[in-house]
Amino acid sequence: MTPHDRVFTWGTVIATAVVPTLILLGAPFDEPRFVMGILCGWGLALLAIVPSYILLSRSIRSGDNAQFFQVWGGGTLGRLFLVLVAVVLFATLVDQAPIMSFLLTFFLGYMLLTGLEITMALGGKKSPNGRHA
């Protein structure tokens, strides 16, 4: 495990402990079952970002540009498909689905964790002179 992997892991753990808790304490949603929406939204963000980070950071470390672009493109399409399916399933299968809390928490987590993912994955990239960028 690289130092960037450790920072990503700890950043994800801390964000998972802090962000949903702050949203729950603030209770900004006037929906029945909003707690479920917050927890499911954050869970979907984790499900989309964590595997993406693992694949992206490994492809960057390999030094193979073709592999990097395949992983990046496949990851982008995979995320899109995962999110679309999860949102549709949540909205249609959950009784009184708390859509606002689910979507807003998901997008907050998605953007926060994606920023962490890109920063840490690209932080391990080697520059042309062989040094880490």
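Structure's up top.
The rules behind the values
- Residues numbered from 1 in each chain as written.
- Predicted model: local features only at pLDDT ≥ 70, side-chain atom pairs only at ≥ 80, totals over all residues.
- Heavy atoms only, no water.
- Phe/Tyr/Trp six-rings, centres within 6.5 Å; stacked < 30°, edge-to-face > 60°.
- Buried < 20%, exposed > 50% of the residue type's maximum accessible area, 1.4 Å probe, protein only.
- Helix = DSSP H or I, 4+ residues; strand = E, 2+ residues; numbered from the N terminus.
- Expected span 1.5 Å × (residues − 1).
- Contact = heavy atoms within 4.5 Å.
- Axes fitted to C-alpha atoms, helices over the stretch in contact; angles between N-to-C directions.
- Parallel < 35°, antiparallel > 145°, perpendicular 65-115°, else oblique.
- Left-handed = near helix turned anticlockwise from the far one by under 90°.
- Nonpolar A, V, L, I, M, F, W, Y, C, P; charged D, E, K, R; others polar.

Draft legend 1. Up close: the packing of aromatic side chains. As enumerated under the stated definition, the model contains 5 aromatic pairs in all. An angle of 70° between the planes, with centres 5.1 Å apart, marks the rings of Phe68 and Phe69 as edge-to-face. Judged by relative accessible area, Phe69 falls into the exposed class, the value being 53%. Centroid distance Phe90 to Phe102: 4.0 Å. Interplanar angle 15°. Geometry classified as stacked. In this pair, Phe90 sits in helix α3 (residues 65–93) while Phe102 sits in helix α4 (residues 99–123), placing the two residues 12 residues apart along the sequence. Here the two residues Phe90 and Phe102 agree in accessibility, since each one is buried.

Draft legend 2. Focus on α4. The end-to-end C-alpha distance of α4 is 35 Å, a good match for the 36 Å that 25 residues give at a rise of 1.5 Å each. Summarising the contacts, the buried residues of α4 are in contact with α1 (3–26), α2 (34–62) and α3.

Draft legend 3. Up close: the packing of α3 against α4. Closest axis-to-axis distance for the α3/α4 pair is 11 Å, and the angle between their directions is 160°. Comparing the axis directions of α3 and α4 gives the class roughly antiparallel. Crossing hand, α3 versus α4: right-handed. Across from Arg79, Val83, Val87, Phe90 and Ala91 in α3, the residues of α4 making contact are Ile99, Phe102, Leu103, Phe106, Tyr110, Thr114 and Glu117. Of the residues belonging to the contact of α3 with α4, the class tally is 9 nonpolar, 1 polar and 2 charged.

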